[in-house]
Amino acid sequence: MADACDTIVELKGVEKTFRDFWLRPTVKAVDGLDLSVRRGEVFGLLGPNGSGKSTTVKMILGLLAPSAGKVALFGLPPGSPSARARLGYLPELSYLHPFLTARETLRYYAGLCDLDRATTRERIRELLDMVGLSDVADRPVGGFSKGMARRVALASSLIGKPELLVLDEPTSGLDPVSTNEVKTLVKTLAAGGMTVLMTSHLLGDAEETCDRVAILNHGKSVAEGRVSDLGTSLQSFFLAKVGEGRRFEVAPFLK
Amino acid sequence: MRAFFSVVALQLKAAARSKAIALLFVASLAWMFAVPGLVSGDGTADGAHQVFVRYSLWGVFVLVLVSLAAAGAGSLSSDRDARRLQLTLVRPARRFAVALGRMVALVAVGASVLAVCALVALCRSDASRRCWHVLSPVMESPRSEAERAYRRYMESPETPDELKKTDKRVLVRILERKAFDRYETVRPGASASWRFDTARIGADDDIAARLRFSSEMGTREDFTGTFALGARTGSVSNITQTVVTVPLAAADAAVAYAEDGLVFTNSGRDSLMLRPRRDVQIVHSSSDCTFARNLAFALVVMVSMLSAVVAFSVFLGAGLGRSPAVFTVMVTLFLAAASPAVMEDYQDEVNSGKGDRVGLALAQFAGVMTRPLGSFSPIGSLADDECVELRDVARAVSVDFVLLPLFFAFLAAFIMPVKQESAIAG
Ligand SMILES: Nc1ncnc2c1ncn2[C@@H]1O[C@H](COP(=O)(O)OP(=O)(O)OP(=O)(O)O)[C@@H](O)[C@H]1O
Ligand SMILES: [Mg+2]
């Protein structure tokens, strides 16, 4: 059993209800979720579209406040400055400042992490090399393709050498080669002691990279465990858990 | 600290690369050079200088204020609207530093535009041109004069009952304004005198009497006469300027301050009407009160006012979306600019309707809330060759430049994360 300080992320009975302007509830995006991510593991948060993965991630990051339940990050309340200092985050879409170059983007986030000049320069060089953007480092990211922008965002999530890396659909928008690179990267980082929490609905990717997964459906966890303990492929397990009765009804449209 | 500078750099790049800075510089400089051709003075060199300084700097200041208020309101809000702000919020940087960095960068942009325009104004004017410290007559305060008049009204049997029943505060407020604006008539051949606190005048200062005809009634009085302050005298004849400065030359400096009354003797053919509290001044100046120094002081005050506005708008952007933030800050600026005029126009609270009184109350409220911005006084003083006094500079710097930005940055930091809730998924 891992002891308490090895639990990096802990969710207990977490709920999130979004409300409209008049505070009337609109969606219950997360519904009684228990979860824990341990040091050094790659944890996959899987689930179909709209199942509450990104919402869960944002509560862990302290960007959203849970409606009920408790979230702890390194044993601290999420959003506290010391928790934020140990965190890297790659959002679902890259959300870059279009007028900055790749290098300036990394420099900006390095500044926010309070890195000194020499470290910043060194890390920017390493990271640009790592994501293969050294040649275009001085072009504004507004002109980057989706995949290139993704790499910039990924690099900037790593700029502070985080203990916990939170990746929301890291491979979306990447070609198969880059997808593979990202998977390798995640495995390398984990081997180096970094804890990774990633969401995905690409089961193949998750199967290869994650040590443990939780499957969300309608904001509830429908299964949780080690990938190696599933006994079946993640694909069929997933479809069995959440896929029943879900099929696009094409016939009426074709009539 | 590094986070702060990163945010400053980010905001500067945003401003520069959107071409906003270039546009602002071009527009401001174009205005500086266009003004002399667009507005003409009264034909004198002094008049041309006054008009140039007033309208060129006033135009640039309004332009800078409005554009940077809009930029400030859009800076954090547009980042959130584009969902970029979350990437800053998950970093360990203090949110206070994030808000303050935005403010400082925008103020730096505005300050540099204002500084360049001030430099243009300096080059086009005489840098050593004299500026004056202004003294107003020492008189009973308008307030106590109003109280006295009120008592007289209430005791008089001729006062209509209806008026006697009116709220005392309203009446006194009206009477106070009337007292402030009270006219005094100097008939041909007669004299009038006003007392001044001459102790403030330095021994070697140049002294002049000054009349400002800013009223609606006699914008340009044609008058002739003599001023005397102790042994100093100066005469004036057939002048039709709005601001008349009459140097008081001393026959014998030793007796100059024996008396502190300024006496005016009307030797013209017409009566002269003036409002002593507004129109009559003694101005004095030592050799270090130059236009260059005054311009520098006015610049500091303008930059301070700009800081307060930018800080407020960045704060709004931290809590609202881009459009509502920009709208709110524009409405605030408009209220600040309009409320003094509204209060001036609605002098008669007793006879005005309910709606008008509500409007007046709102204008008064807006006027109080935005008092530091309600008048573009540094530019007015500069144009009129009046010294922007050190105490005004100190007040502007400490309140508008330091306190308000810190206060708004603190508030902005507080509300910045709250708004995430309503941002759309993603
Ligand atoms: N800010 C918000 N306001 C209102 N509803 C929201 C908000 N964010 C998410 N939701 C709703 O919460 C539910 C879960 O959304 P979430 O983004 O967490 O799903 P997801 O699992 O990340 O899906 P995807 O795989 O498509 O990214 C959805 O029904 C979504 O409409
Ligand atoms: Mg998502």
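Residues numbered from 1 in each chain as written. Chains lettered and ligands numbered in written order. Predicted model: local features only at pLDDT ≥ 70, side-chain atom pairs only at ≥ 80, totals over all residues. Heavy atoms only, no water.

**Student:** Explain the overall build of chain A here, please?
**Tutor:** The secondary structure content of chain A amounts to 9 helices and 9 strands. For chain A, whose C-alpha radius of gyration is 19 Å, the value lies close to the compact-globule estimate of 18 Å for 255 residues. For chain A, buried positions account for 51% of its 255 residues. Counting contacts in chain A only where the partners sit at least 6 residues apart, residues at least 24 apart contribute 68% of the total. Put simply, chain A shows about 12,000 Å² of open surface, and 55% of that area lies on carbon and sulfur atoms. Between the averaged position of the 32 positive side-chain charges in chain A and that of its 30 negative side-chain charges there is a distance of 4 Å. (Helix = DSSP H or I, 4+ residues; strand = E, 2+ residues; numbered from the N terminus. Rg over C-alpha atoms; globule rule 2.2 N^0.38 Å. Buried < 20%, exposed > 50% of the residue type's maximum accessible area, 1.4 Å probe, protein only. Contact = heavy atoms within 4.5 Å. Areas by Shrake-Rupley, 256 points an atom, 1.4 Å probe, with all protein chains shown as cover. Lys, Arg positive; Asp, Glu negative; His and termini not counted. Charge placed at Lys NZ, Arg CZ, Asp CG, Glu CD.)

**Student:** Would you mind going over the sheet that holds strand β8 (residues 212-217) of chain A with me for this structure?
**Tutor:** Two modes of strand pairing occur in sheets, parallel and antiparallel, and in both the strands are linked by backbone hydrogen bonds. Residue and element names in this part refer to chain A. If you walk across this open sheet you meet the 6 strands as β5-β6-β7-β3-β8-β9, and the pairing is mixed. Edge positions in the open sheet fall to β5 (87-90) and β9 (220-226), since each of these has one partner strand only. Strand-to-strand twist across the sheet, computed as the mean angle between neighbouring axes with direction ignored, equals 15°. Both strand β3 (residues 42-46) and β8 contribute to a ladder of 4 bridges, which runs parallel. Residue pairing across strands places Phe43 opposite Arg212, the latter belonging to β8. (Pairing = 2+ DSSP bridges. Axes fitted to C-alpha atoms, helices over the stretch in contact; angles between N-to-C directions.)

**Student:** Honestly, the sheet that holds strand β11 (residues 280-285) of chain B in this entry has me stumped. Any pointers?
**Tutor:** Residues and elements named next belong to chain B. If you walk across this open sheet you meet the 4 strands as β1-β11-β4-β7, and the pairing is antiparallel. Lying at the two open borders of the sheet, with one neighbouring strand each, are β1 (133-135) and β7 (243-247). The average angle at which neighbouring strand axes cross in this sheet is 30°, direction not considered.

**Student:** Help me understand the interface of chain A and chain B in this model?
**Tutor:** A common measure of how large an interface is: the accessible area buried when the components associate. Contact with chain A, which involves 35 residues of that partner, is made by 25 residues of chain B. Summing both sides of the interface, chain A and chain B together bury roughly 2,900 Å²; the carbon and sulfur share of this comes to 56%. Among the residues chain A hides against chain B, the three largest losses belong to Arg84(A), Tyr95(A) and Leu112(A). Together they make up 25% of the total. Scanning the region where chain A abuts chain B turns up 3 salt bridges. Between Arg17(B) and Glu104(A) there is a salt bridge; the shortest N-O distance is 2.7 Å. Taken together, the links from chain A to chain B amount to 12 residue pairs in polar contact (both at pLDDT 80 or more). Secondary-structure elements contributing two or more residues to the side of chain A that touches chain B are β1 (7-19), α1 (53-61), α2 (81-84), β5, α3 (102-112) and α5 (146-157) of chain A. Tallying contributions element by element places α3(A) first for the side of chain A that touches chain B, with 6 residues. (Buried area = accessible area lost by both parts, 1.4 Å probe. Salt bridge = Lys/Arg side-chain N within 4 Å of Asp/Glu carboxyl O. Polar contact = N/O pair within 3.5 Å; in protein donor to acceptor, adjacent residues only side chain to side chain.)

**Student:** Sorry if this is basic, but what is going on with the domain arrangement of chain A here?
**Tutor:** All names here are of chain A. On domain assignment, one finds that chain A holds domain 1 (41-66 + 77-86 + 164-255) and domain 2 (90-162). Taking only C-alpha atoms into account, the centre of domain 1 sits 23 Å from that of domain 2. At the interface, 18 residues of domain 1 touch 12 residues of domain 2. Interface of domain 1 and domain 2: buried area, both sides summed, is about 1,200 Å²; carbon and sulfur atoms make up 59% of it. In this assembly, domain 1 and domain 2 are joined by 1 salt bridge. Across the domain 1-domain 2 interface, the total number found is 8 residue pairs in polar contact (both at pLDDT 80 or more). Put simply, the parts of the chain that give the side of domain 1 that touches domain 2 at least two residues each are β6 (164-168) and α6 (176-191). Split by residue class, the side of domain 1 that touches domain 2 holds 10 nonpolar, 4 polar and 4 charged. (Domains from an automatic or database assignment. Nonpolar A, V, L, I, M, F, W, Y, C, P; charged D, E, K, R; others polar.)

**Student:** What is the right way to read the side chain of Gln11(B) from this model?
**Tutor:** Among the secondary structure elements, Gln11(B) is positioned in helix α1 (residues 2-17). Beyond its immediate chain neighbours, meaning those up to four positions away, Gln11(B) contacts Ser75(B), Arg102(B), Ala105(B) and Leu106(B).

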